[in-house]
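Chain and residue survey
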Amino acid sequence: MGAGTLLMSNPGTPVTDAPPARHPVRQIAPVRTAADAAADHPRVYAHRGASAYAPENTLTAVDKADALGFTWVENDVQLTRDGVVVVIHDTDLRRTTNAEEVFPDRAPWAVKDFTAAEISRLDAGGWFGPAYAGSRVPTLRQYLKRLGHNGQNLLLEIKSPESYPGIERATLRVLDEEGWLDRSHVQGRLVIQSFGADSVRTVHSLRPDVVTGFLGAPAVSELPAYAAFADQINPSYAGLTGGYVKAAHALKGPHGKTLQVNPWTVNDAAAARRVQDMGVDGIITNTPDVVRAATRG
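Overview of the structure. Throughout this description, residue numbers start from 1 for each chain and increase along the sequence as written. Given that the model is predicted, a residue must reach a pLDDT of at least 70 before its local features are reported, and side-chain atom pairs must reach 80 or more before they are shown or counted; all residues, however, enter totals for whole chains, interfaces and linings. Just so you know, side-chain values use all the structure's heavy atoms and leave hydrogens and water out.

**Some details on the overall build of the protein**
What the protein contains, in helices and strands, is 12 helices and nine strands. We call a residue buried when its accessible area falls under 20% of the maximum for its residue type, exposed when it is over 50%, and partly exposed in between, using a 1.4 Å probe and counting protein chains only. Residues classed as buried in the protein amount to 55% of the 297 residues present. Partitioning the intrachain contacts of the protein with sequence separation of at least 6 by distance along the chain shows that 65% fall at a separation of at least 24. Note on areas: these come from Shrake-Rupley sampling with a 1.4 Å probe, and a residue is covered only by the protein chains present in the view. By element, 53% of the accessible surface of the protein is carried by carbon and sulfur atoms, the whole surface being about 12,200 Å². A helix here means a DSSP run of H or I that spans at least four residues, while a strand means a run of E at least two residues long, and both kinds are numbered starting from the N terminus. Whether two residues touch is decided by their heavy atoms; if any such pair falls within 4.5 Å, the residues are in contact.

If you want it as structure tokens, here you go:
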């Protein structure tokens with residue numbers, strides 16, 4: 001499937017997730033940093049890649065976001081049974097792969113019950129459309145290589161951390177081995193977020209230099225406690241108010257910068273303009289082109 005297949009595993013081929021030899025990250029496209037995006041306020045994050053136009057969390061969705069001109073992509077990570085960090089949203093494989101067909105006796109098809117090699121056999125694109133059949137669930141390592149190739153940045157969500165003890169260390173290990181924990185990345189190209197406050201605290205404790213975000217909307221009275229370990233508060237846009245954004249902006253996160261607010265998942269122009277008027281810092285969306293057009297108009 002064009003460039004989208006370069007880093008995908010072939011069906012039936014065991015996944016090797018060994019770290020590469022240590023050398024500088026190879027950039028093919030020019031790196032687009034946070035500073036480059038500053039003039040394009042609010043920043044637009046392509047949710048699970050450009051997921052309105054390509055199967056979510058696949059390398060094809062990353063490439064589609066790149067083709068549309070988007071620097072920041074969001075993804076979700078989980079752990080396989082053998083401890084490989086893979087990029088997938090749901091905690092089971094049914095909605096976005098053909099796991100039920102390939103492994104009919106493995107209900108409930110939980111990600112954590114399958115090895116990386118087994119998951120690499122699955123079609124992660126056919127559900128979206130025939131043109132995407134053969135797309136694969138990427139490992140985080142494969143995903144980072146594609147971002148590096150494209151010169152893109154990452155908003156990484158640790159999914160359901162309560163189901164994956166040690167996922168924070170595993171994720172940070174892959175990021176480190178792929179060169180994503182060097183100064184240039186942590187200062188403007190990487191954010192790690194989660195719905196699990198304890199998970200965000202763990203990431204902050206293990207790597208205080210990494211920018212972190214909490215997914216949700218804590219009470220205003222609780223925001224100072226969250227600001228001790230989270231640089232961003234990223235709530236659902238439903239129910240978000242300008243007052244809440246203002247309250248968050250009155251605080252500074254662990255890196256001494258104003259607490260940011262990036263709502264999700266904003267997919268239409270009217271909602272994008274509404275949250276922009278509230279003063280949000282970024283917008284997480286399946287339709288980044290729609291949001292960009294609305295907020296630049």
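**Observations regarding the packing of helix α11 (residues 269-277) against helix α12 (residues 288-296)**
Running from amino to carboxyl end, α11 crosses α12 at an angle of 50°, the nearest separation of the two axes being 8 Å. Considering the angle they form, α11 stands oblique to α12. As for the relative orientation of α11 and α12, their crossing is right-handed in sense. Contacts from Ala269, Ala272, Arg273 and Gln276 of α11 reach α12 at Val290, Val291, Ala294 and Thr295. Looking at the contact of α11 with α12, its residues break down into five nonpolar, two polar and one charged. For every element, the axis is a line fit to its C-alpha atoms; helices are fit only across the contacting stretch, and the angle between N-to-C directions ranges from 0 to 180 degrees. Here the word oblique covers every angle except those under 35 degrees (roughly parallel), over 145 (roughly antiparallel) and from 65 to 115 (roughly perpendicular). Crossings are sorted by hand: turned counterclockwise from the far helix by less than a right angle, the near helix makes the crossing left-handed, and turned clockwise it makes it right-handed. The residue classification treats Ala, Val, Leu, Ile, Met, Phe, Trp, Tyr, Cys and Pro as nonpolar and Asp, Glu, Lys and Arg as charged. All others, Gly included, are polar.

**Focus on the packing of aromatic side chains**
Think of it this way: a Phe, Tyr or Trp ring, Trp meaning its six-membered ring, pairs with another when their centres are within 6.5 Å, and the plane angle makes it stacked under 30 degrees, edge-to-face over 60, tilted otherwise. All chains considered together, the criterion is met by seven aromatic pairs. Note on Trp127 and Phe128: the rings are 5.5 Å apart at their centroids and 85° apart in plane angle, and the pair reads as edge-to-face. Over the ring of Trp180 we find Arg189; its NZ or CZ atom is 5.0 Å from the centre of that ring. Definition used: whenever NZ (Lys) or CZ (Arg) falls within 6 Å of the ring centre and also within 35 degrees of the ring normal, the charge is taken to sit over that ring.

**Describing the packing of helix α2 (residues 59-67) against helix α5 (residues 140-150)**
It is the contact of α2 with α5, at a shortest axis distance of 10 Å, that shows an interaxial angle of 20°. It follows from the interaxial angle that α2 and α5 lie roughly parallel. Our pair here, α2 against α5, has a crossing hand that is right-handed. Taking contact as the criterion, the partners of Leu59, Val62, Asp63 and Asp66 in α2 are, on α5, Gln142, Tyr143, Arg146, Leu147 and Asn150. Taken together, the residues of the contact of α2 with α5 sort by class into four nonpolar, two polar and three charged.

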